[in-house]
Amino acid sequence: MMRMKLLPTVLLFSLVPGIWANIASAEDQAEKKKKPDFPPHKEVLEGYEKVVSTMDGKPSLYTLWLRKKDNQVLAELPKSFSKQKHFIALTVASGEHFAGLQAGEKYVRWERYDKRLALIAPNVSVRSTGDPESRDSVKRLYTDRLIAEVPIVTIGPKGAPVIDLDALLVGQAAKFFRASLNSKLIKVKTLKAFPENVEIAFEAPSSTDGQIKTYHYSISLIPKNSYKPRIADQRIGYFVTSYTDLGKYKEDDKRTRYINRWQLEKADPSLKLSPPKNPIVFYIEHTTPRRYRYWVKEGILYWNKAFEKVGIRDAIEVRQQDNSDPKNPKHMEKDPEDVRYNFVRWLNNDIGTAIGPSRVNPLTGQILDADIVLTDGWIRHFERQYNEIMPKLAMEGFSPQTMSWLSKHPDWDPRIRLAPPAKREKIAHEIARNAHNHGGHPAANADPYFLGDDEYDGLFGHTSQKNGLCLAAEGKALDLALLRMNLELAAIAAEKEKEEKDKDDDKDKDGDEKDGDDKDGDEKDEDEKDEDEKDEDEDQDGDEKDEDEDKDGDEKDGDENDDADEGQKLDGIPERFVGPLLAELVAHEVGHTLGLRHNFKASMIYDLKTINSGELKDKPHAGSVMDYLPINMPVEGCEHHGHYTMNSIGPYDMWAIEYGYTFEKDLKPILARVAEPELIFGTDEDTWGPDPRARRYDFSKNPLEYAKGQLELADYHRQRLLQEFVKDGDSWAKARRGYELTLHLQMRAVGMMANWVGGAYIHRDKKGDKEGRVPIEVVSADKQREALKFVIVNTFQDDAFGLSPDLLRHLGADQWWGEGFWDAEVDWPVHDRIMGIQASILTALMRSDTLRQVYDNEMRTLADEDALTLPELLDTISDAIWSELSQKPTEKATSRKPWISSLRANLQREHLNRLIDLNLSESTFSAAYRPISNLAQMRLRHIQDQVAVAIEQKALLDPYTLAHLQQVQMRIEKALDAQYILNADKIGGGGSTIILRLGEEE
């Protein structure tokens, strides 16, 4: 009975958990119905003000709210955000030397994960346009990448997610700018909301160094339009947007490359020459000095000439931002960082550079935005630091292979040999540290994050290429410093000539007074004559005025023949010099923003005689403004008729724009013109190769002629440094600066010609092109020999440097602590400086690339044709350096008058070191090393024999020379007796290869 009564109770308790679970579940569901996923937007947005930036109040891309008291910003995304692609353009707007420079961009989409939003970068580098199976496979294998994620704080009035922009753009700034910010001290500097973009900028101190900077985000929609990509072609140099197409199965088709260009359309397609539907508009920032604005505008508008050829008139427009009139500011509401506007910005940062990057749709290559940065340093700089510019000139064209060799042979490296002694160890350490990646070549160290601190930044790590650091202005800085020197000397010469003329006039006047004191009639006749001359002068005033007006007009057109009247000066330089230089520089950077790459062969289309004969008239003297062109500076005593700089874009520029922007569907006839001489093209990576025409800062079809003129100019200045260039009251440091400028000229000239040794012309023609050329054409042996002779005469001879005891005693230095004090020796180190130049040129002639190219060219040359051979090259260099050994001393030499000068002894020791390096098997840099090593050993034996003969004449030798030759003899003996123990692991005891360098100097 009791069991029967207890059973229901047991059953009841066994059912309790389930009952309570059901009750709890019901309560939870009720609670969920009562509690929303997010707090109401009214509650979240309390205290915030909506940002309205348009006059008509149209809805903006993101709806922005600002809470002013603590600078908090919220943003409601577009309702259709999940279907949109957004573009985030990044700019460091203040707080850096290059403030205003593009700091990269992000192509992104938003994806919701419950209560969080993820900012995702879609994969664009690998795609498939093939069958459905390949598209599915690529999508599965090559996935997108997460950039950042943030919580959704509420659902906004429009029903879309609202996020905390501070948490994203300030809290996670390192994911955009690689900068950690102090989020407790932020200010909102810009907050604007437009229908297709929003502009947001925060000012905050860096968490690392406390530097206060402004970080600007321009967020916009990727435009949907009728833009059609255009396939890139290697015959014309455009930046490209590229991807791998794994839907294609032909190797040549797998890589797709589109040129980067703007979408330009005719407003009226029926017109042969039509205005553009949407012009490219550049705004000149208000920070640009008024005195230069005209020339900045001129440089931008140079390009309209090219667009007219494809049927568009006024394709580019220029507008001036101006805040001089507070009541009527012009375009001051536009932010240079806003992706909708293209700005030319001017930075007073005392750095000589200019940069013209662009932002591009990574799917198509359509240029969306471009900003040009100009700096003032190239105009201001009177001189460049010796140890800053000289290594760049010495290493022009060095390949990654050569850089790798230099990292293991620091004694060969111009960066070390031309550096101040106190810095050499540090520089060597930095070179060795970076050597693992292509020898530390600048291209290997390119950083895709920040454009402008390295010249290859825009070419690597980007789906869409763009221009990085552009060195066109750096070359202008050197030339402008030389131009200033020219102008100073010309002014001094003119003043002296005037003084001499005044003295002659005074003498004539004294003579006339003595002869005519008592001749009243003659005096009257002279007075009447003066009146007649006065009347004639008055009659001629109108004509003179007309002539002046004509002259001014001619100068505007580029006629620079008359140096007598310098006209208006800008920052101490006649406007007719510096104005066109600035216009050319601007045109160069605008060319980059139109999609064009550098063209370093463009300087080769005319010889100097043609350039300076007046034959070209108003035609440009080079093929393109996309080259780094030096100033066409006249040499003293020559008749100068040519332009100092480019006065418009060149024929290559016209051709390139035609290919990129023409409306013609058949592009083959355009490309088939590749072999025309005026369209010659070679870009950045071509400078590493064997083609000597692909070089920065060279000039004319016959560069040897140009190089000779540069050395004549250097000699002209050296002769006038002490007596004319340094004036009373000047520091003698000015003489040092002037002399080192001439060394820059010399290094540029001899370095340029050293590139011709072992050279081969590289052509981009394709089979079937009209008058198509072979891809590799060896430079003639005669040209190589001429270049080699020029380099030897102007580098290895003592008199090549214009030195004298008087000059050396006056090469002083300004002595201010903290301003380059450690780098500038008070007494100019003559032996170090000259040896640095000579060692650098030896590297250029005997580096791995040069020797390999000479050796390879022997096989490329037909058997019955002349060729420069490796033995000839090494013998010619050696004979020039050791020329004293081919003759006997005729009289007793002394320590004050040594048989071999100190400079020559240094050079001989340097050459000996190079031969020993090449002789050792450690010098294995290519398959050509063995014949090179054998030839080096043969030269060592030849020098050894010559030294032995010379030492026999020791009774006539001075102590310096005798000690030098005895040391040479000993080192050669050690080097030739050096033992090599190879494959030590097979001999026994294990271990690695051992090389005993017994010939190395301690």
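Residues numbered from 1 in each chain as written. Predicted model: local features only at pLDDT ≥ 70, side-chain atom pairs only at ≥ 80, totals over all residues. Heavy atoms only, no water.

1. Brief notes about the overall build of the protein chain
Counting its secondary structure elements, the protein chain contains 30 helices and 26 strands. Residues classed as buried in the protein chain amount to 53% of the 1002 residues present. Long-range pairs, those at least 24 residues apart, make up 72% of the contacts in the protein chain with a sequence separation of at least 6. (Helix = DSSP H or I, 4+ residues; strand = E, 2+ residues; numbered from the N terminus. Buried < 20%, exposed > 50% of the residue type's maximum accessible area, 1.4 Å probe, protein only. Contact = heavy atoms within 4.5 Å.)

2. Concerning helix α17 (residues 651–661)
Counting buried residues along α17, 10 of its 11 residues qualify, which places the element largely inside the surrounding structure. Considered for burial, the residues of α17 that qualify are Y652, D653, M654, W655, A656, I657, E658, Y659, G660 and Y661. Where the residues of α17 are buried, they touch β14 (255–259), α7 (304–309) and α18 (668–671).

3. Considerations on the packing of helix α26 (residues 870–881) against helix α28 (residues 929–951)
Interhelical geometry of α26 versus α28 gives an angle of 35° and a closest axis separation of 10 Å. Crossing angle aside, the handedness with which α26 passes α28 is right-handed. For the pair formed by α26 and α28, the contact residues are L870, P871, L874, D875, S878 and D879 on the first element and I932, L935, R939 and I943 on the second. A per-class count over the contact of α26 with α28 returns 6 nonpolar, 1 polar and 3 charged. (Axes fitted to C-alpha atoms, helices over the stretch in contact; angles between N-to-C directions. Left-handed = near helix turned anticlockwise from the far one by under 90°. Nonpolar A, V, L, I, M, F, W, Y, C, P; charged D, E, K, R; others polar.)

4. Remarks on the sheet that holds strand β5 (residues 102–113)
If you trace the 11 strands from one edge of the open sheet to the other, you get β1-β2-β3-β9-β8-β6-β5-β4-β12-β11-β10, paired in antiparallel fashion. Whereas interior strands pair on both sides, the edge strands pair on one side only; in this sheet they are β1 (49–50) and β10 (187–193). Bridge analysis of strand β4 (residues 86–94) against strand β12 (residues 212–221) gives 8 bridges, and the strand direction is antiparallel. Residue pairing in the sheet places L90 in a bridge with Y217 of β12. (Pairing = 2+ DSSP bridges.)

5. What to know about the confidence of the model for the protein chain
Of all residues in the protein chain, 85% attain a pLDDT of 70 or more, and the chain-wide mean is 85. When mean pLDDT is compared element by element in the protein chain, α17 scores highest at 98, while helix α30 (residues 984–987) scores lowest at 40. In the model, residues 1–7 has pLDDT below 50 throughout and makes 0 contacts with residues more than four positions away in sequence or in other chains. Taken as a whole, residues 979–1002 scores under 50 in pLDDT and shows 32 contacts with residues more than four places along the chain or in a different chain. (pLDDT = per-residue confidence, 0-100.)

6. Overview of the nonpolar core
Counting 193 residues, the largest nonpolar core has I300, W303, F307, L594 and L845 as its most contacted members. Those residues in contact with W303, other than ones at most four positions away along the chain, are I316, A587, V590, G591, L594, L596, V625, M626, I649, D653 and I657. Counting residues in each nonpolar core, the second largest holds 44 residues, with A75, I152, L181 and V198 among its members. (Core = buried A, V, L, I, M, F, W, Y, C linked by side-chain atoms within 4.5 Å.)

7. So, α26
Taking 1.5 Å per residue, 12 residues should reach 16 Å; α26 reaches 17 Å between its end C-alpha atoms and fits that length. Listed in full, the buried residues belonging to α26 are L870, L873, L874, I877, S878, A880 and I881. Within α26, the buried residues cover an arc of 165° as seen down the axis, which keeps them to one side. (Expected span 1.5 Å × (residues − 1). Arc of directions from axis to C-beta.)

8. Concerning the pattern of salt bridges
Counting across every chain of the model gives 52 salt bridges. In this structure, the salt-bridge partner of R785 is E872, at a minimum N-O distance of 2.6 Å. Here R785 is found in helix α22 (residues 781–793), whereas its partner E872 is found in helix α26, with 87 residues between them in sequence. Because the salt bridges share partners, they merge into one network encompassing D233, R235, K766 and D769. (Salt bridge = Lys/Arg side-chain N within 4 Å of Asp/Glu carboxyl O.)

9. Side note on the sheet that holds strand β7 (residues 126–127)
An order of β7-β13-β14 is seen for the 3 strands of this open sheet, with the pairing classed as mixed. Single-partner strands in this sheet number two, and they are β7 and β14. Strand direction decides the pairing type here: strand β13 (residues 240–245) and β14, joined by 5 bridges, are antiparallel. In the strand pairing of β14, S242 is matched with R257.

10. Here we look at the environment of D571
Inspection of the secondary structure puts D571 in the loop between β21 (569–570) and β22 (573–574). In contact with D571, other than residues within four places in its own chain, are R291, Y292, I379 and R484. One polar contact links D571 to Y292, side chain to side chain, over a distance of 2.5 Å. (Polar contact = N/O pair within 3.5 Å; in protein donor to acceptor, adjacent residues only side chain to side chain.)

11. Details of the environment of Y659
As for its placement among the helices and strands, Y659 is situated in helix α17. You can call Y659 buried: its relative accessible area is 3%. Taking the C-alpha atoms as reference points, Y659 and V310, 349 residues apart in sequence, are found 9.1 Å from one another. Residues in contact with Y659, not counting those within four places in the same chain, are R230, I231, A232, D233, I236, Y238, I259, L667, I670 and L671.

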